[in-house]
Amino acid sequence: MIIDLQRFVTNERPFWTELETMLNQWENSPDATLSLEKAQRLHLLYERTAADLAKITTFSSEPETRRYLENLVARAYGEIHETREKRRRLFPLKWFFQTWPQTFRRHIRAFYLSLAITLAGCAFGGLAIGFDPESKPVLMPFPALLQDPAKRVAEEESATHDRLEGVKSSFSTQLMTHNTSVSIFTMALGMTWGVGTIVMLFYNGVILGAVAVDYIHAGETKFLLGWLMPHGVIEIPAILIAGQAGLILAFALIGRGSQTPVRKRLREISGDLATLISGVGLMLIWAGFIEAFLSQYHEPVIPYAAKIAFGCVELTLLCLFLGKSGTAKSAGAATAEGGKSSV
């Protein structure tokens, strides 16, 4: 084939430059999608550049041009034929309203088991304090809970100063940090094939049951509800979901009836564990604020009825959110963000 090499390079270089520009843009934005027209244009430029490379291969006087075209064709071939896995991007709203509640419902049996273990602990703690009041120091190793409930209520209701004045932010941060640490630890104990997670859930239930029976027996049920409900209806479910995550981890390790290698089973649940524990963290942030700025204030500062009503509203919204958000009917508004999200 006889061609005017100089003229050939001059005529074809704009096409090479266009192809190089498209490849640079695609490589810099790997998640971007090409329209049909651009995809067709890219394929056309690739074929034309490959043909140009074939034409000048025999020209030893143009090694630089040949290497340039070889590199360009190789890049284009790689981009066109690569079967890369779509990169996951985080869409916060879609993750919050779809991924998190969907993940929760997908493992609902683990949550029910977490709830059952905690309720068993509550029953044990309540019966123990009811039949043996002297066991309080063992069941509730916290100084604030050891005093007589009626005496504590009288002190709280007659207080003339705000004992959290100036320290509400630090107190709420302390609560968030502690509760989040406990939740992560509860999930991580799933590595003990679930034994540690079960112990943590049962122990938390024992304390909750013992406190409840102690205050109810003393006739301070209204105080108990007004004190615990504003933050407890979020904090307690958060611990239960952390237990749910720990049990999921335990099930994956045990792999009963599964022939899948343990490494693959763990890899399959890793995204769900991250989603659940991230949701727990958000719940505990909210619970920490509420406990510091609302739960610690009692009558006559804030009526118990108002605090109980606030807790009921929170619990209702939480149940609706975890039970309904992200379903086919409610997901329409969030689909505009596109893509599959994960933590």
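Our subject is the structure that appears above.
Residues numbered from 1 in each chain as written. Predicted model: local features only at pLDDT ≥ 70, side-chain atom pairs only at ≥ 80, totals over all residues. Heavy atoms only, no water.

Looking at this model, I keep getting lost on the pattern of salt bridges. Mind explaining?
Opposite charge on two side chains makes pairing possible when the charged atoms of those side chains draw close. Using the criterion set out here, one finds eight salt bridges in the structure. Taking the shortest distance from any N to any O, the salt bridge between Glu18 and Arg41 comes out at 2.8 Å. With Glu18 in helix α1 (residues 5-28) and Arg41 in helix α2 (residues 36-56), this residue pair connects regions lying 23 residues apart in the sequence. Taking the relative accessible area as the measure of exposure, Glu18 reaches 28% and is therefore partly exposed. Relative accessible area serves as the criterion here: at 31%, Arg41 is assigned to the partly exposed category. Here Glu64 ties to Arg67 by a salt bridge, and the two come within 2.5 Å at their closest N and O atoms. Of this pair, Glu64 and Arg67 both sit in helix α3 (residues 63-81), three residues apart, which is roughly one turn of that helix. (Salt bridge = Lys/Arg side-chain N within 4 Å of Asp/Glu carboxyl O. Helix = DSSP H or I, 4+ residues; strand = E, 2+ residues; numbered from the N terminus. Buried < 20%, exposed > 50% of the residue type's maximum accessible area, 1.4 Å probe, protein only.)

Looking at this structure, how should I read the nonpolar core?
Buried together is how nonpolar side chains tend to be arranged in soluble globular proteins. Counting residues in hydrophobic clusters, the biggest one holds 30 residues, and the most contacted among them are Ile241, Leu273, Met283 and Leu322. For this core, the secondary structure elements donating two or more residues are α4 (92-106), α5 (108-131), α11 (221-254), α12 (262-295) and α13 (304-324). When residues of this core are assigned to their parent elements, the largest contribution, 12 residues, is made by α11. Among all residues touching Leu273, those that are not within four sequence positions of it are Met187, Ala245, Ile248 and Leu249. One finds Leu5, Trp16, Ile56 and Val73 within the second-largest nonpolar core, a separate group that totals 17 residues. (Core = buried A, V, L, I, M, F, W, Y, C linked by side-chain atoms within 4.5 Å. Contact = heavy atoms within 4.5 Å.)

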